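Here is how the chains run, residue by residue.
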2 protein chains.
Amino acid sequence: MVQLGRHYGAGPASLAEIAAEEDLPRAYLEQLVINLREAGLVTSTRGARGGYELAHAPDSITMAEVLRALEGPVAPMLCASEDPGHVGCDRSARCTVNLLWVRVRDAVTGALDSMTLADLVPPRSTLQPIPLQGAVTSS
Amino acid sequence: MVQLGRHYGAGPASLAEIAAEEDLPRAYLEQLVINLREAGLVTSTRGARGGYELAHAPDSITMAEVLRALEGPVAPMLCASEDPGHVGCDRSARCTVNLLWVRVRDAVTGALDSMTLADLVPPRSTLQPIPLQGAVTSS
DNA sequence: TCAATCCCGACGAATTCACTCGGGATTGAG
DNA sequence: CTCAATCCCGAGTGAATTCGTCGGGATTGA
């Protein structure tokens, strides 16, 4: 997750922390992170004070990698999956629409490849601290 | 559907015909075509010998129009819908991932806009008649 | 030893997708 | 005029996917 990118270089982050910051159930995050670990994108440290860390720098991890790890091969339709071993649909011979999906798929992967985790880690300077519409202003 | 593109200029095609050629249930096609009609992409003729026709030339209908008619506004995630009146997700303020989805969406619409129905009507000369692997070869 | 943390498999509810069903409204042909 | 072909329409169903839960086991620093 993006949260991990923000946290990069500060040691492992526990799921409990991330769950609190992202407001998502911890049990759910566990499932997601399993895929990230198997894809080699994050490393885990077990035991007390353990947690997860990015396996390498945020700007060397493309969103395509992340998405593939979380949701499988990019495939707008099953007949246009990235996975070379995908099953062709029965109509494959006459189905010209496949061309369309392949183009869409390439457009998507292009967009995903062009962004890295670092692009989504908000530069602190330009990001407002979310003022909660005037609740606790110091003025 | 593409089938209608092939049929362009030959008078209305009945759903029964299309269903036979595409090997899809007629009742299902009815549902799809309703959206195409409401979007002004096809016109219908009722009564005996009626059917559907493209409302204008295949090369003036982009696949983006077709897809929007059939599946609603392009939206890889609900927080990045084309529809300006979409609901922002609760995290909208701090969620930088939105940027990613908007880019993906634009890549997709770009690809869809660049193709017309005419691109998917197979040029007869280059399309094999599907030989059914050597069943009736004349050699 | 103990508590924090990761690890893992199974389960469940909500939503979406592809498709069916049954019947009504229109209209050309005989 | 009548009839059959065809479009029109809303409701319903079954499977798959997505998002999330639950309970318990394995590791490890303090």
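Cut-offs used in this document
- Residues numbered from 1 in each chain as written.
- Chains lettered and ligands numbered in written order.
- Predicted model: local features only at pLDDT ≥ 70, side-chain atom pairs only at ≥ 80, totals over all residues.
- Heavy atoms only, no water.
- pLDDT = per-residue confidence, 0-100.
- Helix = DSSP H or I, 4+ residues; strand = E, 2+ residues; numbered from the N terminus.
- Contact = heavy atoms within 4.5 Å.
- Near = heavy atom within 4 Å.
- Polar contact = N/O pair within 3.5 Å; in protein donor to acceptor, adjacent residues only side chain to side chain.
- Nonpolar A, V, L, I, M, F, W, Y, C, P; charged D, E, K, R; others polar.
- Core = buried A, V, L, I, M, F, W, Y, C linked by side-chain atoms within 4.5 Å.
- Buried < 20%, exposed > 50% of the residue type's maximum accessible area, 1.4 Å probe, protein only.
- Axes fitted to C-alpha atoms, helices over the stretch in contact; angles between N-to-C directions.
- Parallel < 35°, antiparallel > 145°, perpendicular 65-115°, else oblique.
- Left-handed = near helix turned anticlockwise from the far one by under 90°.
- Expected span 1.5 Å × (residues − 1).
- Pairing = 2+ DSSP bridges.
- Salt bridge = Lys/Arg side-chain N within 4 Å of Asp/Glu carboxyl O.

Caption draft 1: Inspection of the confidence of the model for chain A at higher detail. Residues and elements named next belong to chain A. For chain A, the mean per-residue pLDDT works out to 81, and 77% of the residues sit at or above 70. Taken element by element, chain A is modelled with least confidence in helix α1 (residues 2-6), mean pLDDT 65, and with most confidence in strand β1 (residues 42-45), mean pLDDT 94. For the stretch residues 125-139, pLDDT sits under 50, and the model shows three contacts to residues farther than four places along the chain or on other chains.

Caption draft 2: Seen up close, the protein's contact with DNA strand D. Close to DNA strand D lie 23 residues, the nearest being P25(A), Q31(A), E30(B), S44(B) and Y52(B). Restricting the count to atoms of DNA strand D within 4 Å of the protein gives a sugar and phosphate share of 67%. One of the side-chain nitrogen or oxygen atoms of S44(B) is found 2.7 Å away from a phosphate oxygen of DNA strand D. Where the surface near DNA strand D is concerned, the elements lending two or more residues are α3 (26-38) of chain A together with α3 (26-38), β1 (42-45) and β2 (51-54) of chain B. When residues in the surface near DNA strand D are grouped by element, the largest group, four residues, is from α3(B). For the surface near DNA strand D, the class distribution of residues is eight nonpolar, nine polar and six charged.

Caption draft 3: Inspection of the nonpolar core at higher detail. Judged by nonpolar contacts, the single largest core of 61 residues is most densely connected at M63(A), V104(A), L112(A), M63(B), V104(B) and L112(B). Per element, the largest residue contribution to this core is seven residues, and it comes from helix α5 (residues 97-113) of chain A. With residues near it in sequence (within four places) discarded, L112(A) still touches T62(A), M63(A), A64(A), L67(A), V74(A), L100(B) and V104(B).

Caption draft 4: Just the protein's contact with DNA strand C, in detail. Neighbouring DNA strand C are 23 residues; E30(A), S44(A), Y52(A), P25(B) and Q31(B) lie closest to it. Counting only atoms of DNA strand C within 4 Å of the protein, the sugar-phosphate share comes to 66%. Within the backbone of A48(A), one N or O atom sits 3.4 Å away from a base nitrogen of DNA strand C. Those elements that place two or more of their residues in the surface near DNA strand C are α3, β1 and β2 (51-54) of chain A together with α3 of chain B. For the surface near DNA strand C, the element with the highest residue contribution is α3(A), accounting for four residues. Among the residues forming the surface near DNA strand C, the class breakdown is eight nonpolar, nine polar and six charged.

Caption draft 5: Up close: the packing of α5(A) against helix α5 (residues 97-113) of chain B. Orientation of α5(A) relative to α5(B), taken along the N-to-C sense of each, is 150 degrees, at an axis distance of 8 Å. Between α5(A) and α5(B), the angle falls in the class roughly antiparallel. Viewed along their axes, α5(A) and α5(B) form a crossing whose handedness is right-handed. Across the interface between the two elements, L100(A), R103(A), V104(A), A107(A), V108(A), A111(A) and L112(A) from α5(A) touch L100(B), R103(B), V104(B), A107(B), V108(B), A111(B) and L112(B) from α5(B). Residues belonging to the contact of α5(A) with α5(B) are distributed by class as follows: twelve nonpolar, no polar and two charged.

Caption draft 6: View of α3(A). Residues and elements named next belong to chain A. With 13 residues, α3 ought to run about 18 Å at 1.5 Å a step, and its terminal C-alpha atoms sit 19 Å apart, in line with that. Where the residues of α3 are buried, they touch α2 (15-22), β1, β2 and α4 (63-71). Of the residues flanking the end of α3, it is G40, one or two places downstream, whose phi is positive at about 75 degrees.

Caption draft 7: Region of the structure containing the pairing of β2(B). All names here are of chain B. Where β1 meets β2, four bridges bridge the pair, whose relative direction is antiparallel. Within β2, the residue paired with T43 across the bridge is E53. Taking the residues between adjacent antiparallel strands as the criterion, β1 and β2 are bridged by five residues, where G47 takes a positive phi near 80 degrees.

Caption draft 8: Representation of the pattern of salt bridges. All names here are of chain B. On inspection of all chains with the given rule, the structure shows six salt bridges over all chains. A salt bridge links R68 to E82; the nearest nitrogen and oxygen atoms lie 2.6 Å apart. Of the two residues, R68 is situated in helix α4 (residues 63-71) and E82 in the loop between α4 and α5; the sequence distance between them amounts to 14 residues. Under the relative-accessibility criterion, R68 is labelled partly exposed at 29%. Its relative accessible area of 25% is what places E82 among the partly exposed residues. A salt bridge links D106 to R105; its shortest N-O distance comes to 3.4 Å.

Caption draft 9: Quick peek at the side chain of T116(A). When you line up the elements, T116(A) lands in the loop between α5 and α6 (117-120). Apart from the residues within four sequence positions on either side, T116(A) is in contact with P58(A), D59(A), I61(A), T62(A) and M63(A).

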